[in-house]
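A closer look at the structure
Spelled out from the first residue to the last, the chains are:
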Amino acid sequence: MTETVAYIQDTLQNHYPPSEIKAFTRLIMERVCNIQIHQFLLCKDKKLSEKEKEKIHNIVERLTKYEPIQYIFGKTDFYGFEFLVNPSVLIPRPETEELVELIVRDYPGNKEIEIMDIGTGSGCIAIALKRLLPHAQLSAIDISPEALKVAEKNASLNRASIFFYQKDILDPHRTADSIEPDFDVIVSNPPYVMEKEKAAMEPNVLDYEPHQALFVPDNDPLLYYRNITRFAEQKLKKRGYLCFEINSQLGEQVVNMLRMMEFKNVELIQDLSGHDHFVKAQTWDR
């Protein structure tokens with residue numbers, strides 16, 4: 001095993017920082033060889049099978065091309081739950097767990113509320129909310145049929161009952177008219193990366209994750225926020241909440257847009273790293 005660990009580290013050293021290589025090594029040994037981190041020292045002299053070595057070589061080769069390890073293994077963790085992922089959906093980020101937490105802390109687990117997740121992708125937000133708020137009714141929208149297939153599999157895997165809809169949120173009024181319930185909470189982590197930001201992005205994101213779920217035009221960076229808010233104007237109950245994950249460069253613009261569209265109690269919220277990352281707003285009484 002020691003020789004294989006050295007191979008992983010030597011092959012990846014010109015591609016990733018040491019901390020990331022260490023994390024990859026642990027994950028590979030755990031997933032391929034069923035060796036947990038606390039077993040590393042005890043198992044250092046273990047002989048790996050040729051099949052294990054071949055699988056590890058294949059994984060390392062894909063990592064040298066910057067393919068995300070989550071796609072290589074086909075799964076990742078989010079809020080303590082396991083999710084299937086493939087290139088038709090974004091890989092869930094730790095920061096998005098904070099968006100889930102913003103909602104969970106406002107509602108007791110036994111409260112019967114209706115929540116809509118817009119642009120659900122892998123389904124991670126909707127499914128985590130359903131598991132954490134079991135009495136809530138969860139619905140989710142995505143325009144991509146491939147993404148919805150992944151989300152439906154994840155709902156089944158995590159034993160979460162979700163109503164999924166294939167809808168285009170850029171046609172907000174028609175989408176609102178086609179969905180029956182009104183909602184206490186509408187949550188979204190929509191596309192928000194501006195095209196001009198591509199140059200600064202890592203190849204593991206730019207070359208592999210779905211651009212439809214990432215990018216907005218430079219001349220209309222609030223495209224999704226504006227249309228989701230129009231949907232919310234029709235479908236949020238009185239004193240209902242709209243919760244966004246945002247591009248940190250657009251915080252004040254999103255806040256001003258929501259105020260102009262007559263939402264109240266608009267908050268710009270920082271993530272654990274101190275960056276503007278979320279916006280929360282409330283409808284007026286109807």
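Residues numbered from 1 in each chain as written. Predicted model: local features only at pLDDT ≥ 70, side-chain atom pairs only at ≥ 80, totals over all residues. Heavy atoms only, no water.

**With respect to the state of the cysteines**
Taken as a whole and assessed by the stated rule, the structure comprises zero disulfides. No disulfide involves C243; its nearest neighbouring cysteine sulfur is the one of C124, lying 15 Å away. Taking relative accessible area as the criterion, C243 reaches 2% and is therefore assigned buried. (Disulfide = S-S within 2.5 Å. Buried < 20%, exposed > 50% of the residue type's maximum accessible area, 1.4 Å probe, protein only.)

**Describing the pairing of strand β10 (residues 264-270)**
Judged from the five bridges that link them, β10 and strand β11 (residues 276-282) form a sheet pairing that is antiparallel. For K264, the partnering residue across the bridge sits in β11 and is Q282. Taken together, β10 and the strand that follows it, β11, pair antiparallel across an intervening segment of five residues, in which G274 is found at a positive phi of about 85 degrees. (Pairing = 2+ DSSP bridges. Helix = DSSP H or I, 4+ residues; strand = E, 2+ residues; numbered from the N terminus.)

**Observations concerning the packing of helix α1 (residues 2-12) against helix α2 (residues 18-33)**
Axis separation between α1 and α2 bottoms out at 10 Å; the angle between their running directions is 140 degrees. Of the two elements, α1 crosses α2, and the hand of that crossing is right-handed. For the pair α1 and α2, the contacting residues are V5, I8, Q9 and L12 in the first and I21, F24, T25, I28 and M29 in the second. Among the residues forming the contact of α1 with α2, the class breakdown is seven nonpolar, two polar and no charged. (Axes fitted to C-alpha atoms, helices over the stretch in contact; angles between N-to-C directions. Left-handed = near helix turned anticlockwise from the far one by under 90°. Contact = heavy atoms within 4.5 Å. Nonpolar A, V, L, I, M, F, W, Y, C, P; charged D, E, K, R; others polar.)

**Notes on the sheet that holds β11**
Judged by pairing direction, the sheet is mixed, and its seven strands sit side by side in the order β5-β4-β3-β6-β9-β11-β10 without closing on themselves. Either end of the sheet is taken by a strand with one partner, and the two such strands are β5 (162-166) and β10. On average, adjacent strands in this sheet sit at an angle of 15 degrees to one another, irrespective of strand direction. When strand β6 (residues 183-188) meets strand β9 (residues 236-245), the two strands line up parallel, connected through five bridges. When the sheet's bridge partners are listed, V185 is paired in β9 with Y241. Lying on the sheet, helix α5 (residues 94-104) is in contact with β3 (114-118), β6, β9, β10 and β11; it crosses β11 at an angle near 25 degrees. Packing against the sheet, helix α6 (residues 124-132) makes contact with β3, β4 (137-142), β5 and β6, and its axis sits at approximately 175 degrees to β4.

**Observations concerning the packing of aromatic side chains**
For the structure shown, the criterion picks out four aromatic pairs. On the numbers, 6.1 Å between centres and 80 degrees between planes, the contact of F78 with F83 is edge-to-face. Each member of the pair, F78 as well as F83, carries the same accessibility label: buried. Ring geometry for Y225 and F244: centres 5.0 Å apart, planes at 75 degrees, overall edge-to-face. With Y225 in helix α10 (residues 223-235) and F244 in strand β9, the pair connects residues that are 19 residues apart, well separated along the chain. We note that Y225, like F244, is buried. Three or more aromatic residues joined by ring pairs make a cluster, and in this case those are Y16, F24 and Y66. The ring centre of F215 lies 4.8 Å from the NZ or CZ of K198, which sits over that ring. (Phe/Tyr/Trp six-rings, centres within 6.5 Å; stacked < 30°, edge-to-face > 60°. Lys NZ or Arg CZ within 6 Å of the ring centre and 35° of its normal.)

**A word on empty space enclosed by the protein**
On inspection of all chains with the given rule, the structure shows one cavity of 30 Å³ or more. Considering only enclosed or pocket space, the largest cavity measures out at about 30 Å³ in volume. Looking at the largest cavity, the residues that line it are L102, I103, D106, Y107, V185, Y241, C243 and K280. Those elements that place two or more of their residues in the lining of the largest cavity are α5 and β9. When its residues are assigned to classes, the lining of the largest cavity shows six nonpolar, no polar and two charged. (1 Å grid on protein atoms, 1.4 Å probe; cavity = no way out; pocket = protein on both sides within 12 Å on 5 of 7 lines; lining within 4 Å. Points joined across faces, edges and corners; volume = space filled by probe spheres on them.)

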